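# Structural features, examined
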Amino acid sequence: MKIEAYIESLVAYAMNTGLAQPEDHQVLINRLLDLLNKSDYEPSGEPMSEDLEEILAGILTYAVENGLCDDGITAKDIFDTRIMGALTPMPREVIRTFWEKYAQDPVKATDWYYKFSCDTDYIRRYRIEKDMRWKYRNQYGELDVTINLSKPEKDPKAIAAAKNAPQTAYPKCQLCRENEGYAGRMNHPARANHRVIPLQICGADWYVQYSPYVYYNEHCIVFNAEHVPMKIDKSAFEKLLDFVRVFPHYFVGSNADLPIVGGSILSHEHFQGGHYTFAMETAPVEQVISFRGFEDVKAGIVKWPMSVIRLVAADPKRIAALADKILGAWRGYSDECVHVIAFSDGQPHNTITPIARRRGEDYELDLVLRCNITSDEHPLGVFHPHADKHHIKKENIGLIEVMGLAVLPSRLKQELSDLAQAAWEDRDISGDEQLQKHAPWLAELKKKHTFTPDNALDILLQETGKVFSDVLEDAGVYKNTPEGRAAFLRFVDWVNQL
């Protein structure tokens with residue numbers, strides 16, 4: 001196809017998706033001609049493509065061939081985001097439409113905004129589709145396992161260019177409002193096609209947007225208008241509960257505010273939510289407990305590999321008040337019998353990962369007890385994936401994993417495929433540079449399973465799910481044993497004594 005045909009196809013795409021109206025046609029043609037440094041134009045007369053990935057690939061080929069863009073993943077992502085930014089409505093239009101739809105129904109508003117974020121290619125649907133996803137069922141429910149392939153790895157050219165690029169503090173981080181419409185650079189993602197929705201949470205200015213990598217349905221990020229650090233306190237509980245008042249069909253949670261047990265961005269207060277039911281949400285309360293002075297709040301220990309106290313009440317203020325009391329107690333609580341140590345060398349170790357949702361008219365808050373203490377045996381964290389599982393998962397256990405969704409590194413797609421073949425071939429992998437880290441695991445699996453060409457990969461996928469479940473048990477401060485439950489109840493008793 002000629003470049004003119006790709007331009008025409010992209011403008012038609014904008015019309016078909018509602019990003020533009022027929023009267024915008026000529027302006028969009030001229031914007032694209034300008035971005036492609038073309039001074040002349042004649043309608044191509046060729047059939048148009050309806051596939052956005054194909055259209056953008058054609059435009060990128062032209063841009064590279066004509067010296068408008070380097071031939072690297074990062075450079076091309078920046079360029080095609082500029083192209084899509086030319087089609088993206090201004091924030092005032094997006095905000096107006098969102099709140100008009102919200103006045104009809106909050107679900108209509110988020111449905112529209114999610115589709116909009118996909119249509120602008122801010123969420124690259126064709127990349128998300130490449131992710132591997134499967135389920136693993138055990139005593140805790142149906143856990144989700146994903147190998148994320150939609151977040152592109154930086155190419156060598158981008159790494160070199162980023163190293164030589166001038167240092168800048170704008171935007172301050174990848175969450176700040178200043179990212180909206182930002183052109184991008186080799187060490188900061190392009191966001192020309194990005195639009196955020198302002199909202200009030202507990203009377204303060206916040207924004208909501210979707211994650212471009214979408215680990216689950218309508219994976220949203222809710223961030224403070226101010227660049228302030230993450231902090232788990234009573235106000236955090238109040239904000240989470242206020243968000244689900246505004247969007248009762250969404251859950252929302254916060255990463256913890258300490259290293260090892262926290263998220264990757266601790267410098268900017270933010271939450272993650274969405275329209276998805278995780279296994280943790282469907283997990284039942286295994287043991288009812290109560291807290292003195294809060295008899296109106298239902299409380300219980302959840303049947304889950306990590307240590308979770310669930311609070312349910314009609315009044316969110318009562319939940320926040322009790323959550324604050326539990327947090328205050330946990331911050332200073334030690335029980336060396338189970339390796340829970342509140343402070344060492346003046347550093348705090350205990351915090352909470354909270355998750356809020358609605359149960360009909362009631363509010364529900366799950367409090368996941370976390371401790372980031374390290375030891376000689378477990379230098380990365382006592383309540384962190386242990387070394388025997390690092391061949392599958394070495395990274396921190398953040399909010400998404402806590403709820404029952406494994407986000408595994410992209411390397412595992414090829415490694416599991418190669419490992420499956422080695423398993424049914426009964427091949428020695430101890431000398432294989434890529435697979436040798438899996439050798440002890442595979443040796444154990446061979447004692448349980450008979451591998452064939454037809455079943456090998458399915459077995460490995462299910463056993464990978466089991467490793468993830470075991471990782472969550474590693475991260476649980478109170479183990480699901482009689483000794484662990486007794487220690488958990490000692491903490492509950494401690495709260496009631498305060």
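The structure we're discussing is the one just above.
Below is a summary of the structure that appears in this document. The structure displayed is predicted, hence computed values, not measured ones. (Residues numbered from 1 in each chain as written. Predicted model: local features only at pLDDT ≥ 70, side-chain atom pairs only at ≥ 80, totals over all residues. Heavy atoms only, no water.)

## Digging into the overall build of the chain
- Of regular secondary structure, the chain possesses 16 helices and 15 strands.
- The C-alpha atoms of the chain give a radius of gyration of 25 Å, which matches the 23 Å a tight globule of 498 residues would have.
- With the principal axes as the frame, the chain shows a C-alpha extent of 80 × 60 × 40 Å.
- For the chain, buried positions account for 55% of its 498 residues.
- For the chain, long-range pairs separated by at least 24 residues make up 63% of all intrachain contacts whose partners lie at least 6 apart in sequence.
- As displayed, the chain has an accessible area near 22,300 Å², and 50% of this comes from carbon and sulfur atoms.
- Side-chain charges of the chain comprise 56 positive and 73 negative groups, with the mean position of each set lying 4 Å from the other. (Helix = DSSP H or I, 4+ residues; strand = E, 2+ residues; numbered from the N terminus. Rg over C-alpha atoms; globule rule 2.2 N^0.38 Å. Buried < 20%, exposed > 50% of the residue type's maximum accessible area, 1.4 Å probe, protein only. Contact = heavy atoms within 4.5 Å. Areas by Shrake-Rupley, 256 points an atom, 1.4 Å probe, with all protein chains shown as cover. Lys, Arg positive; Asp, Glu negative; His and termini not counted. Charge placed at Lys NZ, Arg CZ, Asp CG, Glu CD.)

## Regarding helix α3 (residues 52-65)
- If you check α3, its first and last C-alpha atoms are 20 Å apart, about what 14 residues at 1.5 Å a residue would give, namely 20 Å.
- Taken together, the buried positions of α3 are occupied by L52, I55, L56, G58, I59, L60, Y62 and A63.
- Looking at the packing, one finds that the buried side of α3 touches α1 (3-17), α4 (73-85), α6 (106-119) and α7 (125-128).
- Of the residues flanking the start of α3, the one acting as N-cap is D51, its side-chain oxygen 3.1 Å from the backbone nitrogen of E53.
- G67 occupies a position one or two residues after α3 and carries a positive phi of about 70 degrees. (Expected span 1.5 Å × (residues − 1). Polar contact = N/O pair within 3.5 Å; in protein donor to acceptor, adjacent residues only side chain to side chain.)

## With respect to α4
- The terminal C-alpha atoms of α4, which comprises 13 residues, lie 18 Å apart, in line with the 18 Å expected from a rise of 1.5 Å per residue.
- Extensive coverage of α4 is indicated by the burial of 10 of its 13 residues.
- Every buried residue of α4 is accounted for by T74, A75, D77, I78, F79, D80, T81, I83, M84 and G85.

## Some words on the side chain of T351
- With respect to the helices and strands, the residue T351 is situated in strand β13 (residues 350-359).
- Taking the relative accessible area as the measure of exposure, T351 reaches 0% and is therefore buried.
- At 2.6 Å, the side chain of T351 and the side chain of D257 are in polar contact.

## With respect to the sheet that holds strand β2 (residues 141-147)
- Ordered in space as β1-β2-β15, the 3 strands form an open sheet in which the pairing is mixed. The two strands at the open ends of the sheet, each matched to only one other strand, are β1 (132-138) and β15 (405-408). Within the sheet, the average angular offset between the axes of one strand and its neighbour, ignoring direction, is 20 degrees.
- With 4 bridges joining them, β2 and β15 adopt parallel strand pairing. By the bridge assignment, T146 is partnered in β15 with V407. (Pairing = 2+ DSSP bridges. Axes fitted to C-alpha atoms, helices over the stretch in contact; angles between N-to-C directions.)

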